[in-house]
Amino acid sequence: MLDSVKLRARDINVYYDKEHALRHVSMDIPDRSVTAFIGPSGCGKSTFLRCLNRMNDTIDGARVTGQMLMDDEDVNDRAVDPVILRARVGMVFQKPNPFPKSIYDNVAYGPRIHGLATSRAELDDIVETSLRRAGLWDEVSDRLLHPGTSLSGGQQQRLVIARAIAVNPEVILMDEPCSALDPIATAKIEELIDDLRSNYCIIIVTHSMQQAARVSQQTAFFHLGHLVEYGPTENIFTTPRETRTQDYITGRFG
Ligand code: ADP
């Protein structure tokens with residue numbers, strides 16, 4: 001049985017000044033599952049992703065209308081603190097972006113500012129657990145004080161995922177998390193995504209349809225700011241309902 005719905009988008013529109021970049025998007029995103037966003041460059045995938053943790057608030061000229069509910073709470077409500085929201089909805093970007101700090105401090109940073117540990121031992125525990133969940137502990141346990149930037153690209157991306165996990169997120173957004181990685185590092189991240197889905201609602205934007213097919217349970221196809229089709233990944237790739245989806249997945253455009 002499908003888990004409960006974690007996020008409900010209702011008639012979301014996004015404008016960048018006069019450009020209407022995202023048009024009337026409504027969708028339910030389930031918990032404990034991976035949802036992939038696919039579609040040609042510029043179709044609005046990242047724009048929609050940013051609606052989920054209010055990152056569009058930080059862009060000059062961006063305006064969002066409609067409702068975005070997380071567990072029935074409107075994330076755009078004035079009472080919602082965006083800093084706390086962004087801990088609940090973590091984000092991983094295309095290019096790994098560890099802080100210029102040690103591996104330990106990268107992971108400990110969020111728990112420290114959110115006051116999640118009352119002692120050094122507790123903080124050590126959070127750091128270890130997060131690195132283990134991100135599949136990185138065995139590779140870094142003997143050099144926690146080395147700079148995060150000394151790791152390989154794939155390890156840095158797992159460090160950034162550990163950093164997101166450390167503040168107990170409910171949702172993890174990933175915007176093309178493997179596009180800067182080699183195939184082996186990519187396979188490790190995909191395995192990790194598969195491990196993490198039993199605990200989190202994961203949303204991944206990807207250019208790679210093979211990746212969407214490998215890692216996700218639901219796929220949403222966007223085109224020119226519209227959500228064209230959304231459903232179980234298998235159906236989207238084998239029996240799409242819309243001609244535009246069919247054309248995109250068979251490589252006729254994009
Ligand atoms: P995708 O992630 O599918 O490549 P985006 O969400 O990045 O698409 O872009 C959707 C549209 O919004 C594009 O036309 C793009 O130029 C525009 N856009 C995206 N980000 C910004 C921004 N920060 N300022 C102005 N326009 C933007």
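All of these numbers come straight from a predicted model, not from anything done at the bench.

Comments concerning the site of the ligand
Part 1 of the reasoning: Not every one of the 13 residues close to the ligand is listed here, only the nearest: E19, G42, K45, S46 and T47.
Part 2 of the reasoning: The contact in question runs from an oxygen atom of the ligand to an N or O atom on the backbone of G42, over 2.7 Å.
Part 3 of the reasoning: The fraction of the free accessible surface of the ligand (560 Å²) that becomes covered by protein chains is 66%.
Part 4 of the reasoning: Every element with two or more residues in the shell around the ligand is listed here: β2 (19-30) and α1 (45-51).
Part 5 of the reasoning: The greatest single-element share of the shell around the ligand, amounting to four residues, is contributed by α1.
Part 6 of the reasoning: Residue composition of the shell around the ligand, grouped by class: five nonpolar, five polar and three charged.

Side note on helix α7 (residues 183-196)
Part 1 of the reasoning: With 14 residues, α7 extends 20 Å from end C-alpha to end C-alpha; this agrees with the ideal 20 Å at 1.5 Å per step.
Part 2 of the reasoning: What α7 keeps buried is the set A185, T186, I189, E190, L192, I193 and L196. The buried residues of α7 occupy one face: seen down the axis, they fall within an arc of 160 degrees. Among the exposed residues of α7, those oriented more than 90 degrees off its buried face are P183, I184, E191 and D195.
Part 3 of the reasoning: On its buried face, α7 sits against β3 (33-38), α4 (120-133), α6 (153-165), β7 (171-175), β8 (201-205) and α8 (209-215).
Part 4 of the reasoning: Sitting at the amino-terminal end of α7 is D182, which places a side-chain oxygen 3.0 Å from the backbone nitrogen of I184.

Section: the pattern of salt bridges
Part 1 of the reasoning: Tallied over the full model, the rule gives 16 salt bridges.
Part 2 of the reasoning: One salt bridge connects D57 with R54, and the closest N-O pair in it is separated by 2.9 Å.
Part 3 of the reasoning: Classification of D57 by relative accessible area gives partly exposed; the value is 46%.
Part 4 of the reasoning: Across the pair R112 and D105 runs a salt bridge whose closest N-O atoms are separated by 3.0 Å.
Part 5 of the reasoning: Judged by its relative accessible area of 43%, R112 is partly exposed.
Part 6 of the reasoning: For D105, a relative accessible area of 26% translates into the label partly exposed.
Part 7 of the reasoning: Residues joined in a network through salt bridges with shared partners are K6, D71, E73, R88 and E170.

Calculation rules
- Along every chain, residues carry numbers that run from 1 in the direction the sequence is written.
- With pLDDT at 70 or above as the cut-off, local features in this predicted model cover only qualifying residues; side-chain atom pairs require 80 or more to be listed or tallied, and sums for whole chains, interfaces and linings still use all residues.
- Note that water and hydrogens are dropped before the side-chain values are worked out from all heavy atoms of the structure.
- Put simply, a residue is near a molecule or strand once any heavy atom of it comes within 4 Å of that molecule or strand.
- Whenever two N or O atoms come within 3.5 Å, that pair is a polar contact, provided that in protein one can donate a hydrogen and the other can accept it, and provided that, for residues adjacent in sequence, both atoms are side-chain atoms.
- All accessibility values rest on the Shrake-Rupley procedure with a 1.4 Å probe; residue burial counts only the protein chains present in the view.
- Secondary structure elements follow DSSP: runs of H or I no shorter than four residues count as helices, runs of E no shorter than two count as strands, and numbering proceeds from the N terminus.
- Classification used: nonpolar for Ala, Val, Leu, Ile, Met, Phe, Trp, Tyr, Cys and Pro, charged for Asp, Glu, Lys and Arg, polar for all others including Gly.
- Here, expected helix span is obtained from the residue count minus one, scaled by 1.5 Å.
- In this scheme, a residue with accessible area under 20% of its type's maximum is buried, one over 50% is exposed, and one in between is partly exposed, where area comes from a 1.4 Å probe on protein chains only.
- It is the directions from the helix axis to the C-beta atoms that the arc portrays.
- In what follows, a contact means two residues having at least one pair of non-hydrogen atoms within 4.5 Å.
- Just to be clear on terms, a salt bridge is a Lys or Arg side-chain nitrogen sitting within 4 Å of an Asp or Glu carboxyl oxygen.

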